[in-house]
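The residues making up each chain are set out below.
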Amino acid sequence: MKIFVCVKQIPDPNTVESKLDPATKRLVRTGVSLVLDPGDETTIAAAIKLRDSLGNSELTAISMGPASAQEALRRALAMGVDRAILISDSALAGSDVLGTARTLAAALKRENPDLIFCSTESTDGYTGMVPGAIAEFLGLPQLTFAREINVEGTKAVIKRVTQTGYEVVESPLPAVVTIASGSFEAIYPTMKGIMSARKKPFSQLSLSDLGLDPSQVGEAGAREQVLSIGKAEARAAGQIIKDEGNAAEIIADFLQRHQLL
Amino acid sequence: MDFSLTEEQKLIQQTVRQFVERELMPLEHEVLRNEGRYPTGIEPERYRALQLKAKELGFWGINTPEEYGGANLGSVMTALIQMELGRTIVPFSFGGSVDNILLHYSNEKQKQEYVIPVIEGKRISCFALTEPGAGSDPSAIRTTAVKDGNHWVINGQKVFITHGNEADFAMVFAVTDREKPPQRGGVTCFLVDRAMGWTSRPIPTMGGWSPAELFFDNVRVPEDHVLGEVGQGFSLGMQWIGQGRWLIAARAVGTAERLLQMAIDYARQRVTFGKPIAERQAIQWMLADSAVEIQATKWLTLHAAWKADQKQDNRYEASLAKLYGSNMVNRVVDRALQIHGGMGYTKELPIERWYRDVRVTRIYEGTDEIQHYIIARALLKGYVHLGTWD
């Protein structure tokens with residue numbers, strides 16, 4: 001089987017304080033330490049697990065980003081991914097969800113994938129819309145919030161996380177699967193993986209390789225417009241309830257009003 | 001001049017950092033609570049389990065040759081790894097290591113009996129050179145070994161021996177020929193099993209380092225337990241001591257970086273008289289001085305390590321790094337504690353523990369004074385030519 005995992009290089013959430021550029025209203029990504037999205041690490045772990053259980057399968061990591069994103073892909077290779085593809089083109093700068101998904105989908109289409117793994121959302125932008133858009137561009141079913149995934153014949157079967165437990169959802173292959181965060185234990189690159197990462201196949205594609213026009217992607221093709229950015233409102237002080245015999249009732253009412261009960 | 005790390009170096013560094021953050025840092029509170037209970041602060045079985053988890057990833061025998069199953073990553077990589085491990089108060093080391101002299105000077109029988117079991121973690125060694133009257137001056141050792149038939153009989157006492165309480169054998173340095181100066185054939189190194197009769201007693205210290213006193217009372221050692229040649233002991237001892245000096249500086253870099261980051265974070269959020277203390281010049285200078293000194297140690301250390309990788313004599317550079325790095329980390333921990341104020345003095349944070357722990361880095365593996373002496377001697381005797389690159 002041909003399995004793909006979409007990954008992204010992001011400002012290191014452990015060391016970098018996210019900053020928005022007030023002029024472009026975009027996240028500042030230059031001059032900061034960049035890493036493979038920690039969320040993608042668990043998605044890679046899920047994909048590796050499936051590849052190993054299926055046997056006779058190849059796992060490819062794919063990313064759209066500047067040349068530096070190569071490092072994130074090398075890390076994916078060190079973790080055990082077999083092959084990597086980087087789509088890098090100056091015309092891609094400023095891509096919105098639509099442009100990103102269009103580009104990734106164009107690259108994926110050439111590969112005839114059986115299964116495409118994505119994290120539910122990235123740890124920087126958090127839109128959570130790219131996987132759905134990729135599925136749409138490719139005309140594939142999308143299975144979301146998977147905490148377990150298996151392939152049975154020509155079907156993908158997942159356990160889909162819900163508020164109360166899980167649902168079993170299946171779809172024909174090929175399909176796009178998003179992994180629920182925290183469902184798989186992250187894995188470490190191995191020394192062997194690190195030492196062999198450089199020898200694994202790595203290809204870099206530009207827009208023209210994908211047959212895309214610069215007007216369809218990047219700043220030029222963006223259909224999203226960020227109108228304004230602002231600080232989240234500071235959380236208001238909590239309410240202190242003095243127990244005069246009816247505290248439990250008040251608390252229960254409060255929880256019910258906020259649909260927490 | 002290229003200061004960047006290779007892709008492999010970066011990946012290894014990131015992986016060790018993640019290992020430290022995910023596996024070791026969560027144990028810090030426990031280690032602080034367990035001070036004095038275990039040599040590592042965590043139960044030996046759990047410590048071993050962590051080493052084995054790392055082994056599965058290939059982090060094993062960082063400097064051990066491949067033929068012994070090691071990763072053999074070289075000195076620069078070892079320094080980078082030590083910097084990462086230094087970031088936590090959990091005193092962790094990857095398994096699969098063996099003392100350099102044991103590896104290089106043992107015969108085939110000794111390799112089977114000592115080297116391989118040490119690499120596999122089945123046996124624990126300790127390096128027993130220092131004595132009550134012979135620390136910085138190892139030529140003053142008094143422990144004796146006298147030949148009796150096909151045995152040597154050892155009498156004497158050793159002190160401040162790292163792992164001396166846990167070790168099941170010791171590399172013991174003893175005078176075998178009083179007529180000869182120690183540097184010229186008077187001292188021999190013996191591999192002495194605890195089962196041959198030596199005993200140990202822990203020495204309580206002000207920090208996490210818990211060395212031992214070792215006692216030898218007519219301990220009979222078979223003659224094939226000499227490491228290297230009879231009379232070669234002093235040279236072996238010096239080689240063992242020399243190997244670790246710049247590693248102390250590497251650990252100091254990691255520890256100081258963590259402490260500086262803690263100080264930065266705290267200074268930003270701690271408000272006095274209406275302003276975060278980070279806006280006060282007094283605090284800013286402490287942060288800036290620390291950053292300068294950490295950076296200086298980093299390059300001193302990597303240079304010493306790089307020279308080792310080039311198979312060049314790095315004793316001078318190792319002394320520079322060790323002297324500067326061990327003093328640097330003592331200053332940085334003092335500033336970090338000062339910036340944290342009362343919080344820094346509590347046992348809620350690892351700072352006070354580090355404050356006590358790092359003091360010994362100015363003492364063991366060659367005191368500040370010895371490092372000064374080595375550096376000055378190299379300058380005065382013309383071993384080092386200022387202004388040259390070699």
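In the annotation of an unreviewed UniProt entry, chain B is listed under the name Medium-chain specific acyl-CoA dehydrogenase, mitochondrial and assigned to Thermogemmatispora aurantia. Database annotation for chain B, UniProt heading Cofactor (unreviewed entry): "FAD". Reading the Sequence similarities (unreviewed entry) entry of the UniProt record for chain B gives the comment "Belongs to the acyl-CoA dehydrogenase family."

Named according to an unreviewed UniProt entry, chain A is Electron transfer flavoprotein small subunit originating from Thermogemmatispora aurantia.

Engineer: How should the packing of aromatic side chains be read in this particular structure?
Structural biologist: As enumerated under the stated definition, the model contains 14 aromatic pairs over all chains in all. An angle of 90° between the planes, with centres 5.5 Å apart, marks the rings of Phe92(B) and Phe94(B) as edge-to-face. Residue Phe92(B) shares its accessibility class with Phe94(B), and that shared class is buried. For the pair Trp209(B) and Tyr364(B), a centre-to-centre distance of 5.3 Å together with 90° between the ring planes defines the contact as edge-to-face. Here Trp209(B) is found in the loop between β6 (199–202) and β7 (212–222), whereas its partner Tyr364(B) is found in the loop between α12 (351–357) and α13 (368–380), with 155 residues between them in sequence. Since its relative accessible area comes to 26%, Tyr364(B) is described here as partly exposed. Taken together, Tyr188(A), Phe19(B), Tyr47(B), Phe59(B), Phe92(B) and Phe94(B) form an aromatic cluster joined through their ring pairs. Here Arg22(B) stacks its cationic end above the ring of Tyr188(A), 5.1 Å away from the centre of that ring.

Engineer: What is the right way to look at a nonpolar patch on the surface in this model?
Structural biologist: Taken together, the side chains of Met1(B), Phe3(B), Trp299(B) and Trp389(B) make up a nonpolar region of the molecular surface, amounting to roughly 630 Å² of accessible area. Turning to its location among the elements, Met1(B) is positioned in the segment before α1 (7–24).

Engineer: In this structure, what is going on with the UniProt feature "domain: Acyl-CoA oxidase/dehydrogenase middle" (unreviewed entry) in chain B? I would like to understand it.
Structural biologist: UniProt tags residues 126–219 of chain B as "domain: Acyl-CoA oxidase/dehydrogenase middle" (unreviewed entry). Secondary structure across residues 126–219 of chain B comprises 0% helix and 48% strand; the distance between its end C-alpha atoms is 17 Å.

Engineer: Got a minute to help me understand the sheet that holds strand β8 (residues 155–161) of chain A in this structure?
Structural biologist: By definition, the strands of a sheet pair up through backbone hydrogen bonds, in either a parallel or an antiparallel sense. Residues and elements named next belong to chain A. In spatial order, the strands read β9-β8-β7-β10-β6-β1-β4-β5-β11; together these 9 strands make up an open sheet with mixed pairing. Here the strands that pair on one side only, and so sit at the sheet edges, are β9 (166–172) and β11 (202–205). Neighbouring strand axes in the sheet, compared pairwise and without regard to direction, differ in orientation by 30° on average. The pairing of strand β1 (residues 2–6) with strand β6 (residues 115–119) spans 3 bridges and is parallel. In the strand pairing of β6, Val5 is matched with Phe117. On the sheet, helix α3 (residues 97–109) packs against β1, β4 (58–64), β5 (83–87), β6 and β11 and is oriented at approximately 145° with respect to β4. Against the sheet, helix α4 (residues 130–138) engages β1, β6, β7 (142–152) and β10 (175–179), with an angle of about 155° to β6.

Engineer: Please clarify how the nonpolar core should be interpreted in this entry.
Structural biologist: In summary, soluble globular proteins display a tendency toward joint burial of nonpolar side chains. With 99 residues, the main nonpolar core has Leu115(A), Phe117(A), Phe59(B) and Phe94(B) as its most contacted residues. Here this core takes 12 residues from helix α8 (residues 245–269) of chain B, the largest share from any one element. For this core, the domains that each give at least three residues are domain 1 (7–98) and domain 3 (240–380) of chain B. Not counting residues within four places of it along the chain, the set of residues in contact with Phe117(A) comprises Ile3(A), Phe4(A), Val5(A), Cys6(A), Thr43(A), Ala46(A), Ala47(A), Leu50(A), Ile149(A), Val177(A) and Ile179(A).

Engineer: I tried to follow the environment of Glu23(B) on my own but got confused; where do I start?
Structural biologist: Mapped onto the fold, Glu23(B) is located in helix α1. Residue class for Glu23(B) comes out buried when judged on its relative accessible area of 16%. In sequence terms Glu23(B) and Gly207(B) are 184 residues apart; their C-alpha atoms lie 23 Å from each other. Not counting residues up to four positions away in its chain, the partners in contact with Glu23(B) are Tyr188(A), Gln18(B), Leu50(B) and Lys53(B). Of the polar contacts made by the side chain of Glu23(B), one reaches the side chain of Tyr188(A); its length is 2.6 Å.

Engineer: Please clarify how the pattern of salt bridges should be interpreted in this entry.
Structural biologist: Side-chain pairs of opposite charge can arise where the charged atoms are in close proximity. Counted by the stated rule, this structure contains 41 salt bridges over all chains. Where Lys8(A) meets Asp124(A), a salt bridge forms, and the shortest distance between an N and an O atom there is 2.9 Å. Taken as a pair, Lys8(A) in the loop between β1 and β2 (9–11) and Asp124(A) in the loop between β6 and α4 lie far apart in primary sequence, 116 residues in all. Lys8(A) gets classed as partly exposed once you look at its relative accessible area, which sits at 26%. In this structure, Asp224(B) and Lys109(B) form a salt bridge, with 3.0 Å as the shortest nitrogen-oxygen distance. Of this pair, Asp224(B) sits in the loop between β7 and β8 (226–227) while Lys109(B) sits in helix α6 (residues 108–119), and the two are 115 residues apart along the sequence. Among the residues examined, Asp224(B) registers a relative accessible area of 36% and is labelled partly exposed. Among the ionic contacts, a cluster of salt bridges with common partners joins Glu35(B), Lys347(B), Glu352(B), Arg353(B), Arg356(B) and Asp357(B).

Parameters at a glance
Residues numbered from 1 in each chain as written. Chains lettered and ligands numbered in written order. Predicted model: local features only at pLDDT ≥ 70, side-chain atom pairs only at ≥ 80, totals over all residues. Heavy atoms only, no water. UniProt positions renumbered as here; feature names shortened; annotations may be inferred. Phe/Tyr/Trp six-rings, centres within 6.5 Å; stacked < 30°, edge-to-face > 60°. Buried < 20%, exposed > 50% of the residue type's maximum accessible area, 1.4 Å probe, protein only. Helix = DSSP H or I, 4+ residues; strand = E, 2+ residues; numbered from the N terminus. Lys NZ or Arg CZ within 6 Å of the ring centre and 35° of its normal. Patch = residues over 30% accessible without salt bridge, like charges linked within 9 Å, V, L, I, M, F, W, Y side chains within 5 Å. Areas by Shrake-Rupley, 256 points an atom, 1.4 Å probe, with all protein chains shown as cover. Salt bridge = Lys/Arg side-chain N within 4 Å of Asp/Glu carboxyl O. Pairing = 2+ DSSP bridges. Axes fitted to C-alpha atoms, helices over the stretch in contact; angles between N-to-C directions. Contact = heavy atoms within 4.5 Å. Core = buried A, V, L, I, M, F, W, Y, C linked by side-chain atoms within 4.5 Å. Domains from an automatic or database assignment. Polar contact = N/O pair within 3.5 Å; in protein donor to acceptor, adjacent residues only side chain to side chain.

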